[in-house]
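# Chains, contacts and geometry: an overview
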Amino acid sequence: LGVIGVSHGLKKRKIGKSTFFFLLIFAVATVIILATENPIKDRLTQSEDSSSKSRIPLMQVSERIIMGNLYTGVGLNAYTDVAPQYDYTFERIAVDFPYPVHNTHLLILAELGIFGFLAFLIFVLGILRKSFRMFRYAQDETVGLLAFGLAMGLVAYFIHGLVDFDYVTKNYTFWTVLGCIVGLWHYLRKNYEPLEKNSKRRAEGR
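Residues numbered from 1 in each chain as written. Predicted model: local features only at pLDDT ≥ 70, side-chain atom pairs only at ≥ 80, totals over all residues. Heavy atoms only, no water.

## Remarks on the overall build of the protein
Looking only at helices and strands, the protein has ten helices and zero strands in total. Reading the protein from its N end, one meets helices and strands in the order α-α-α-α-α-α-α-α-α-α. Buried positions account for 35% of the 206 residues belonging to the protein. Sequence-distant contacts, at least 24 apart, represent 66% of the contacts inside the protein between residues at least 6 apart. If you sum the accessible surface of the protein, you get close to 12,900 Å²; carbon and sulfur atoms cover 65% of it. (Helix = DSSP H or I, 4+ residues; strand = E, 2+ residues; numbered from the N terminus. Buried < 20%, exposed > 50% of the residue type's maximum accessible area, 1.4 Å probe, protein only. Contact = heavy atoms within 4.5 Å. Areas by Shrake-Rupley, 256 points an atom, 1.4 Å probe, with all protein chains shown as cover.)

## Concerning the packing of aromatic side chains
Here the structure, examined in full by the defined rule, presents twelve aromatic pairs. Seen in terms of ring centroids, Tyr71 and Phe115 are 5.9 Å apart; in terms of plane orientation they differ by 25°. Their pairing is stacked. Note that Tyr71 is positioned in the loop between α4 (52-68) and α5 (79-82) and Phe115 in helix α7 (residues 104-137), a separation of 44 residues in sequence. Considered together, Tyr71 and Phe115 belong to a single accessibility category, that of exposed residues. Every member of this aromatic cluster is reached through a ring pair, and the members are Phe120, Phe123, Tyr157, Phe158, Phe174 and Trp175. Above the plane of the ring of Trp185 lies Lys130, whose end atom (NZ or CZ) is 5.2 Å from the centre. Here the guanidinium or amino end of Lys170 rests over the ring plane of Tyr167, the centre of that ring lying 5.3 Å away. (Phe/Tyr/Trp six-rings, centres within 6.5 Å; stacked < 30°, edge-to-face > 60°. Lys NZ or Arg CZ within 6 Å of the ring centre and 35° of its normal.)

## Side note on a nonpolar patch on the surface
On the surface, Phe20, Leu24, Val28 and Ile32 cluster together into a nonpolar patch covering about 390 Å² of accessible area. Mapped onto the secondary structure, Leu24 falls in helix α2 (residues 15-35). (Patch = residues over 30% accessible without salt bridge, like charges linked within 9 Å, V, L, I, M, F, W, Y side chains within 5 Å. Salt bridge = Lys/Arg side-chain N within 4 Å of Asp/Glu carboxyl O.)

## A few points about the nonpolar core
In terms of nonpolar packing, the biggest core is built from 38 residues, with Ile65, Tyr79, Phe120, Met134, Leu154, Phe174 and Ile181 touching the most fellow members. Counting only elements with at least two residues in this core, the list comes to α4, α5, α6 (93-96), α7, α8 (141-160) and α9 (172-191). If one sorts the elements of this core by residue count, α7 sits on top with ten residues. Contacts of Ile65, omitting those with residues within four sequence positions, involve Val74, Tyr79, Ala83, Tyr86 and Ala110. (Core = buried A, V, L, I, M, F, W, Y, C linked by side-chain atoms within 4.5 Å.)

## So, the packing of α4 against α7
A pair of packed helices can be characterised by two numbers: the angle between their axes and the separation between those axes. Orientation of α4 relative to α7, taken along the N-to-C sense of each, is 30°, at an axis distance of 9 Å. Here α4 lies roughly parallel to α7, going by the angle between them. Of the two elements, α4 crosses α7, and the hand of that crossing is left-handed. The segment α4 lies against α7, with Met59, Ser62, Ile65 and Ile66 engaging Leu106, Leu109 and Ala110. (Axes fitted to C-alpha atoms, helices over the stretch in contact; angles between N-to-C directions. Parallel < 35°, antiparallel > 145°, perpendicular 65-115°, else oblique. Left-handed = near helix turned anticlockwise from the far one by under 90°.)

## A closer look at the confidence of the model for the protein
For the protein, per-residue confidence averages 83 on the pLDDT scale, and residues scoring 70 or more make up 85% of the total. Averaged over each element, pLDDT in the protein is lowest for helix α10 (residues 195-203) (54) and highest for α7 (93). (pLDDT = per-residue confidence, 0-100.)

Dropping the structure here:
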């Protein structure tokens, strides 16, 4: 709700009201979370969490893998095969719990290396930029909102990727969503006035 409010304010040039709306939603959500008993509060406040007992050692292993293969990576879908070689944790986590690091971004970095990771990041950010431009400048507001919704799904996916892992190369839904955004972009450019001209007109107040 906060993101939608701020984005709407940017479109309507009412950034003050939209910022207030965002802060209000954030404050209400914070009060509700902290004032009631719920799983989110437990995650934020409890001193020990069983999931951290596996996630932290897994991240330590991923750090060694990344530093040992910073430029080339270990290869797609090869993480669990090489992880035991870099596991010096007390728990021997890569042996007893043979799963990748529970962080999609670190997993991509470990498998592709720094250059592959940056290329992937630029690719995804470029598509996200297209979706936000469609939301702001598309004459067909329904298509613009659809692009915005797809973009928010991707953002939520990558936020969740901070605490869980996913093999991006095997996630067909992920690539389908990216394809839908690109398809909408070309649909608007083909059937309506180019977005660049439309954005200039809005900037000039026409």
